[in-house]
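Residues per chain, in single letters:
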Amino acid sequence: MTLTGRSLADGRRIPCRRAALQAGNTMANTVIIGAQWGDEGKGKIVDMLSARSRAIVRFQGGNNAGHTIKVQGQETILHLIPSGILHEGTICLVGNGVVLDPEVFLQEVDQLAQRGIDVSPARLGISKKTHLILPYHKSLDKAREAKRAGRKIGTTGRGIGPCYEDKAARVGLRAGDLCNPELVRSKVTHALEEKNILLRAYNFEPLDPGAVIDGLLALAPRLTPYLTEVEDRLQEVQQKGGDILFEGAQGVHLDIDHGTYPFVTSSNTVAGNAAAGCGIAPSALTRVVGIVKAYTTRVGSGPFPTELLDDTGSYLRTEGHEFGATTGRPRRCGWLDAVVLRESVRLNGLTDIALTKLDVLQNLPVLQICVAYEYHGRRLEYPPQEEGGLGEVTPVYEELPGFDEDISGCTSYADLPDNVRAYISRIEALAGVRISLVSVGPDRRQTIER
Ligand code: GDP
Ligand code: IMO
Ligand code: MG
């Protein structure tokens, strides 16, 4: 893309991606985040936008994510490898903010390689600073959930929380450590001294340090070629004028700080973390696209004001195939919540919205949107901030007419029926952000750009 820029006092021009964006270029460095509770269709949109990007980087989360891409009938579900991998010319990177399960990463590499996709280290890399998920993280995740009984978070059981705990406690193992077997031995041995006490207390099998170390070192020869300086790779892309796509996982309301704590994941999912999670300056982030499902879903426990426990909820689950891409669990379904969306706009500075799964709403006689909450006698435009507050709100709904037409074949905005366009316009007005992409089916081509 052409870089335009601002002028310095001496007349020199400085390249400015924001200026380029304002001049009508639609890419620039773009952060993609889920604006609800995950599974909004981030994988599909990242894949689509990857056609115009040079590098795609994951900056947080791990294989708790399940990102689905559909191209000409073939479905690909990615948990760790960035969703740009199907586009030949891209570089795909796993940033320092991610927690990486080595086995899952290699399984994904093998599955893609079998299909003839280039997964060589020339185009796929892992930061040396990425923390590794080890068997004891997975055991502890499951042990803690089992102990919680009626207060389960409903985690994916992939060891995400315990791995981030070790990172914060400064006892984690990082991908770069794989080049130093002595360091691996000492870190795992020390970690297991404590973890085995915990596992026994939870009535879980303790782990043999030797087996964990050997298992990891056996994978090292396949993993170490992927180690790279993500910061350098991204800097090079920028210097050559290439565009970077930052692929968020989970959703804003699962954010460790801003989500429905404690029913959240263990990382910051907001766009602000895109910079810290891969080692790029925040000023390099120019566009932030919030992926918004045309209704709402949530997997696991936690408050969900617009949840539908009736036939309409079942209809959305069936028509939208709302079953987890990672765990297969049925997703909880409900109406679109503009209060949740408004909070995502403010926390992430969304420049645009991609609205997905509109086709799923076909044949519903009316469409409801939650526009505000009633909370202890007050009307709220934003979610309450105290713990548990969201569980005590009553949604205030606005009703719009539904549509019967099959929109899955629509290729332009003008093709969409009036009622669909009215629904889109109302969401734009409630969010105060332009909807620049509309998705009407799972396939890459079923996307309308405005
Ligand atoms: P992600 O985690 O945000 O990447 O989303 P998931 O892949 O977990 O879940 C989204 C699901 O919806 C996947 O099965 C997609 O193939 C599918 N999907 C994405 N966009 C659309 C759409 O516009 N219409 C329909 N019907 N399905 C979609
Ligand atoms: P993508 O990227 C939906 C949810 C879990 C659980 C909570 C904590 O596909 O949108 P964790 O295993 O992270 O400790 O679980 O977060 N969760 C997701 N829900 N989509 C995801 O990822 C999720 N990743 C985690 O269900 O409620
Ligand atoms: Mg998903």
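Residues numbered from 1 in each chain as written. Chains lettered and ligands numbered in written order. Predicted model: local features only at pLDDT ≥ 70, side-chain atom pairs only at ≥ 80, totals over all residues. Heavy atoms only, no water.

1. Examining the coordination of the magnesium ion (ligand 3)
Put simply, the rule reads: In this description, a donor is an N, O or S atom within 2.8 Å of the metal centre, a cutoff extended to 3.2 Å for sodium, potassium and calcium. Water is not part of the atom list, which can make sites seem incomplete. A helix here means a DSSP run of H or I that spans at least four residues, while a strand means a run of E at least two residues long, and both kinds are numbered starting from the N terminus. Exposure is judged per residue with a 1.4 Å probe applied to protein chains only, and the accessible area is read against the type maximum: over 50% gives exposed, under 20% gives buried, and values in between give partly exposed.
Coordination sphere of the magnesium ion (ligand 3), protein contribution only: Asp39 (OD) and Gly66 (O), at 2.1 to 2.2 Å. Of the two residues, Asp39 sits in the loop between strand E3 (30-34) and helix H2 (42-50) while Gly66 sits in the loop between strand E4 (55-58) and strand E5 (67-71), which places them 27 residues apart along the sequence. On the basis of relative accessible area, Asp39 is assigned to the partly exposed category, the value being 21%. According to the relative accessible area criterion, Gly66 is buried, its value standing at 11%.

2. Focus on the domain arrangement of the protein chain
Where we set the bar: Each domain's extent was defined by an automatic or database domain assignment. Throughout, the accessible surface (probe 1.4 Å) given up by two parts as they are put together, summed over both, is called the buried area. Any Lys or Arg side-chain nitrogen located within 4 Å of an Asp or Glu carboxyl oxygen qualifies as a salt bridge. As used in this structure description, the phrase polar contact means that two N or O atoms lie within 3.5 Å; if the pair is within protein, one of them must be able to donate a hydrogen and the other to accept it, and residues adjacent in sequence are counted only when both atoms belong to side chains. Basically, the charged four are Asp, Glu, Lys and Arg, the nonpolar ten are Ala, Val, Leu, Ile, Met, Phe, Trp, Tyr, Cys and Pro, and anything else, Gly included, counts as polar.
Structurally, the protein chain comprises domain 1 (4-128 + 229-449) and domain 2 (131-227). A straight line from the C-alpha centre of domain 1 to that of domain 2 covers 29 Å. At the boundary of domain 1 with domain 2, total buried surface from both sides reaches about 2500 Å², with 60% on carbon and sulfur atoms. Looking only at domain 1, the three residues that lose the most surface to domain 2 are Val99, Leu106 and Lys128, adding up to 23% of its buried area. Across the contact surface, domain 1 and domain 2 share two salt bridges. A salt bridge links Asp101 to Lys138; the shortest N-O distance between them is 2.8 Å. There are 13 residue pairs in polar contact (both at pLDDT 80 or more) connecting domain 1 and domain 2. In terms of residue count, helix H3 (residues 102-114) provides more of the side of domain 1 that touches domain 2 than any other element does, six residues in total. Of the residues contributing to the side of domain 1 that touches domain 2, the split by class is 14 nonpolar, 17 polar and five charged.

3. What to know about the sheet that holds E4
Test applied: Pairing between two strands requires that DSSP report at least two bridges joining them. Throughout, a contact is declared for two residues whenever any of their heavy atoms are within 4.5 Å. Interaxial angles span 0 to 180 degrees and are taken between N-to-C directions of axes, which are lines fitted to C-alpha atoms, for helices over the stretch in contact.
Pairing is mixed across the open sheet formed by ten strands, whose spatial order is E11-E9-E7-E4-E12-E3-E13-E17-E21-E22. Taken across any chain shown, the strands that pair with only one partner, and hence form the sheet edges, are strand E11 (227-228) and strand E22 (447-449). With three bridges joining them, strand E17 (residues 352-356) and strand E21 (residues 435-439) adopt parallel strand pairing. For Ala354, the partnering residue across the bridge sits in E21 and is Leu437. Each of E3, E4, strand E12 (244-247), strand E13 (287-293), E17, E21 and E22 is contacted by H2, which is oriented at about 165° to E3, the strand it contacts most. Lying on the sheet, helix H8 (residues 230-239) is in contact with E4, strand E7 (91-94), strand E9 (124-127), E11 and E12; it crosses E7 at an angle near 145°.

4. Side note on the state of the cysteines
The cut-off we apply is this: We call a pair of cysteine sulfur atoms a disulfide whenever their separation is within 2.5 Å.
Tallied over the full model, the rule gives zero disulfides. This cysteine, Cys333, is not joined by any disulfide, and Cys370 carries the nearest cysteine sulfur, 16 Å off. Judged by relative accessible area, Cys333 falls into the buried class, the value being 0%. The exposure class assigned to Cys370 is buried, which follows from its relative accessible area of 0%.

5. Description of the site of ligand 1
We count it as follows: It suffices for a single heavy atom of a residue to lie within 4 Å of a molecule or strand for the residue to be listed as near it. Each accessible area value is a Shrake-Rupley result obtained with a 1.4 Å probe; residue values ignore everything except the protein chains displayed when judging cover.
Around ligand 1 sit 18 residues, and of these Lys42, Gly43, Thr68, Asp359 and Ser439 come closest. At 2.7 Å, a backbone N or O of Lys42 approaches an oxygen atom of ligand 1. Relative to its unbound accessible area of 590 Å², ligand 1 is 92% covered by the protein chains. Its residues assigned to classes, the shell around ligand 1 shows four nonpolar, seven polar and seven charged.

6. Quick look at the pairing of E13
Here is the key point about a regular strand: its side chains alternate between the two faces of the sheet. Taken across its seven residues, E13 has seven buried, putting it largely inside the fold. Taking every second residue as pointing to the same face, both faces of E13 are buried, with Arg287, Val289, Ile291 and Lys293 on one and Val288, Gly290 and Val292 on the other. In this sheet, E13 lies alongside E3 in parallel orientation, the contact comprising five bridges. Residue pairing across strands places Val31 opposite Val288, the latter belonging to E13.

7. What about the nonpolar core?
Quick note on the threshold: Here the nonpolar core consists of buried residues drawn from Ala, Val, Leu, Ile, Met, Phe, Trp, Tyr and Cys, with membership extended through side-chain atoms lying within 4.5 Å.
Core analysis: the largest hydrophobic core is formed by 63 residues, its most contacted members being Phe246, Leu358, Leu361, Leu416 and Tyr423. Broken down by element, the residue count for this core peaks at six residues, all from helix H12 (residues 418-431). In contact with Leu361, not counting residues within four places along its chain, are Ala294, Tyr295, Leu316, Leu367, Phe403 and Tyr423. With 36 residues, the next largest nonpolar core counts Val98, Leu124, Leu178 and Leu217 among its residues.

8. Brief notes about the packing of helix H11 (residues 338-348) against H12
The criterion, for reference: In these notes the angle categories are as follows: under 35 degrees is roughly parallel, over 145 is roughly antiparallel, 65 to 115 is roughly perpendicular, and the rest is oblique. For a crossing to be left-handed, the near helix must be turned anticlockwise from the far one by less than a right angle; the clockwise case is right-handed.
Interaxial distance between H11 and H12 falls to 9 Å at its minimum, and their mutual angle equals 55°. Viewed along their axes, H11 and H12 adopt a mutual orientation that is oblique. In this structure, H11 meets H12 at a crossing whose hand is right-handed. Residues Ala338, Leu341, Arg342 and Val345 of H11 touch H12, and the partners they reach there are Ile427, Leu430 and Ala431. Considered class by class, the residues forming the contact of H11 with H12 number six nonpolar, no polar and one charged.

9. What about the site of ligand 2?
With respect to spatial proximity, 20 residues lie near ligand 2, and among them Asp39, Lys42, His67, Thr156 and Thr265 are the closest. At a separation of 2.8 Å, an oxygen atom of ligand 2 approaches a polar backbone atom of Asp39. A distance of 2.7 Å is found between an oxygen atom of ligand 2 and a side-chain nitrogen or oxygen belonging to His67. Relative to its free-state accessible area of 550 Å², ligand 2 is covered by the protein chains to the extent of 98%. By residue class, the composition of the shell around ligand 2 is seven nonpolar, ten polar and three charged.

10. Considerations on the side chain of Ser127
Relative to the assigned elements, Ser127 resides in strand E9. In terms of polar contacts, Ser127 uses its side chain to reach the backbone amide nitrogen of Lys129, at 3.0 Å. When neighbours within four sequence positions are excluded, Ser127 is seen to be in contact with Val94, Gly95, Asn96, Ala175, Leu227, Thr228 and Val230.

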